[in-house]
Amino acid sequence: MNNQMTILETNKSLIRRFYTEAWNQKKLEILEETHAPDWTHVDPSNPADLRGGPEGNRARLSQLMAAFPDIHYTLEDMVAEGDKVVVRFTVTGTHQGFFAGIPATGKQVAMQGIIIHRLHNGKIIEDWVVRDTLGLMQQLGVIPVPG
């Protein structure tokens, strides 16, 4: 039982490091340490599943950081079991660059989501994410808010 708790805490620590250093501090050089060479990212709101290990994730993060230079992730909850760490997050930023075909709006946005990270041999190998893309598009003014 104690060894399992150590593994779970180690996995959570790696995930925390990924969000703190890669996303919030923009230290993309850590991706080789946090992501497996065959990492994939599955997101129903993104028509093209992402893959390509650390290099593929570096490209994804770079694009999002160019669109939202002040992007910041807050981890609201983190739960670990087996080889998975689940994170409920809030991401904030100011839309200052091209994003998903949308030119910069200058609008500040906040989006919530949940992501399941699966780890293998101490690295993230797979992500499954669900996020409030509709709310994001409404905040950017692309989709009208009902009312």
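About the thresholds
- Residues numbered from 1 in each chain as written.
- Predicted model: local features only at pLDDT ≥ 70, side-chain atom pairs only at ≥ 80, totals over all residues.
- Heavy atoms only, no water.
- Helix = DSSP H or I, 4+ residues; strand = E, 2+ residues; numbered from the N terminus.
- Rg over C-alpha atoms; globule rule 2.2 N^0.38 Å.
- Buried < 20%, exposed > 50% of the residue type's maximum accessible area, 1.4 Å probe, protein only.
- Contact = heavy atoms within 4.5 Å.
- Areas by Shrake-Rupley, 256 points an atom, 1.4 Å probe, with all protein chains shown as cover.
- Polar contact = N/O pair within 3.5 Å; in protein donor to acceptor, adjacent residues only side chain to side chain.

Structural notes on the overall build of the protein
Then, in step 1: The number of helices and strands found in the protein is 4 helices and 6 strands.
Then, in step 2: In the protein, the succession of helices and strands from N to C terminus is α-α-β-β-α-β-β-β-β-α.
Then, in step 3: Here the C-alpha radius of gyration of the protein, 16 Å, is about what a compact globule of 147 residues would show, namely 15 Å.
Then, in step 4: For the protein, the C-alpha atoms occupy an extent of roughly 50 × 30 × 25 Å along the three principal directions.
Then, in step 5: Taken over 147 residues, the protein has a buried fraction of 42%.
Then, in step 6: Expressed as a percentage of contacts within the protein between residues at least 6 apart in sequence, the contacts between residues at least 24 apart total 54%.
Then, in step 7: Accessible area for the protein stands at about 7900 Å²; split by element, carbon and sulfur atoms hold 57% of it.

A few points about the side chain of His35
Then, in step 1: As for its position among the elements, His35 is in strand 1 (residues 35–42).
Then, in step 2: Separated by 2.7 Å, the side chains of His35 and Thr34 make a polar contact.
Then, in step 3: Leave out the neighbours within four places in its chain, and His35 touches Phe18, Pro54, Asn57, Lys123 and Ile124.

Describing unusual backbone geometry
Then, in step 1: Phi is positive for Ala100, close to 50°, though the residue is something other than glycine.
Then, in step 2: According to the relative accessible area criterion, Ala100 is exposed, its value standing at 59%.
Then, in step 3: Unlike most non-glycine residues, Asn121 shows phi in positive territory, near 55°.
Then, in step 4: In this structure, Asn121 sits in the loop between strand 5 (108–120) and strand 6 (123–131).
Then, in step 5: For Asn121, a relative accessible area of 69% translates into the label exposed.

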